[in-house]
Amino acid sequence: MAIKAFLFDVNQELEDIKFALLDLQPKISYYTKINEQINALLKIKNRNDMFTTLDMCQINLSLAIASFAKYGACPTYILRNNEVIEISSQSLPVGIISPLKTSLIKYQLKENDIIFMITDGFISSFKELIEKNSHILIDTHPKEMNHIIMNLLDNEDKNDDMTLLTIKVCKQ
């Protein structure tokens, strides 16, 4: 799973980036190589300070370990029972500098953990929103959680660049 937020002229560069991401998608377990290739592509194509935030999560389903690679991305939040855990990184977005500093954050998941990955279009108080409404969210399907969260936001809190990815860890 990956969330990306592009900060450049979408019409001019989107096809090049889409091609690069589609080409790299099968190799998602090789975070360093993928990120270096995307970084190199953005540096080569850099016309007007083009860069992108990149937020990736890979989950080992056997061990229930989530590996996060975050480049200039918003924090990821994990709701466990009624506690909200924040996972963040201080790395720069992709396409600004070479070589890209890679940091992988590993986190042990538990049954019924809920992972929220967001883009920067969300309000800065997203963590508080989750904490305040955890009692509603805990027993809800992830698709419904997204609807609930979007409805809880005031119209002035809704920006045009909002992506929310919700994952619930369940035992099979």
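We now turn to the structure provided with this report. (Residues numbered from 1 in each chain as written. Predicted model: local features only at pLDDT ≥ 70, side-chain atom pairs only at ≥ 80, totals over all residues. Heavy atoms only, no water.)

1. Here we look at unusual backbone geometry
For Ala64, which is not glycine, the phi dihedral falls at a positive 55°. Positionally, Ala64 belongs in the loop between β2 (51-60) and β3 (65-71). Judged by relative accessible area, Ala64 falls into the partly exposed class, the value being 21%. The backbone phi angle of Asn112 is positive, close to 75°, even though this residue is not glycine. Looking at where Asn112 falls in the secondary structure, it is placed in the loop between β6 (104-108) and β7 (114-118). (Helix = DSSP H or I, 4+ residues; strand = E, 2+ residues; numbered from the N terminus. Buried < 20%, exposed > 50% of the residue type's maximum accessible area, 1.4 Å probe, protein only.)

2. Looking at the side chain of Arg80
Note that Arg80 resides in strand β4 (residues 76-80). Looking at Arg80, the relative accessible area reads 14%, which means it is buried.

3. Some thoughts on the layout of surface pockets
Taken as a whole, the second largest pocket spans an internal volume of roughly 200 Å³. What lines the second largest pocket is a set of 12 residues, among which Ile59, Leu61, Lys168, Val169 and Cys170 lie closest to the centre. Secondary structure elements with two or more residues in the lining of the second largest pocket: β2 and β8 (164-168). (1 Å grid on protein atoms, 1.4 Å probe; cavity = no way out; pocket = protein on both sides within 12 Å on 5 of 7 lines; lining within 4 Å. Points joined across faces, edges and corners; volume = space filled by probe spheres on them.)

4. A word on the sheet that holds strand β5 (residues 83-87)
Pairing is antiparallel in the open sheet, where 4 strands are placed in the order β5-β4-β7-β8. If you trace the sheet from one side to the other, it starts and ends with β5 and β8, each paired once. Within this sheet the neighbouring strands show an average axis-to-axis angle of 20°, counted without direction. With respect to the sheet, helix α5 (residues 142-152) is in contact with β7 and β8, its orientation differing from that of β8 by roughly 140°. (Pairing = 2+ DSSP bridges. Axes fitted to C-alpha atoms, helices over the stretch in contact; angles between N-to-C directions. Contact = heavy atoms within 4.5 Å.)

5. Re a nonpolar patch on the surface
Residues Leu92, Ile96 and Ile97 make up a contiguous nonpolar surface patch of about 230 Å² in total accessible area. If you trace the backbone, Ile97 turns up in the loop between β5 and β6. (Patch = residues over 30% accessible without salt bridge, like charges linked within 9 Å, V, L, I, M, F, W, Y side chains within 5 Å. Areas by Shrake-Rupley, 256 points an atom, 1.4 Å probe, with all protein chains shown as cover. Salt bridge = Lys/Arg side-chain N within 4 Å of Asp/Glu carboxyl O.)

6. Here we look at α5
Among all positions of α5, only Pro142, Met145 and Ile149 are buried. Buried positions in α5, seen along its axis, are confined to an arc of 40° and lie on one side of it. Exposed and facing more than 90 degrees away from the buried side of α5 are Lys143 and Asn151. Contacts made by the buried residues of α5 are with β7, α3 (126-132), α4 (134-137) and β8. (Arc of directions from axis to C-beta.)

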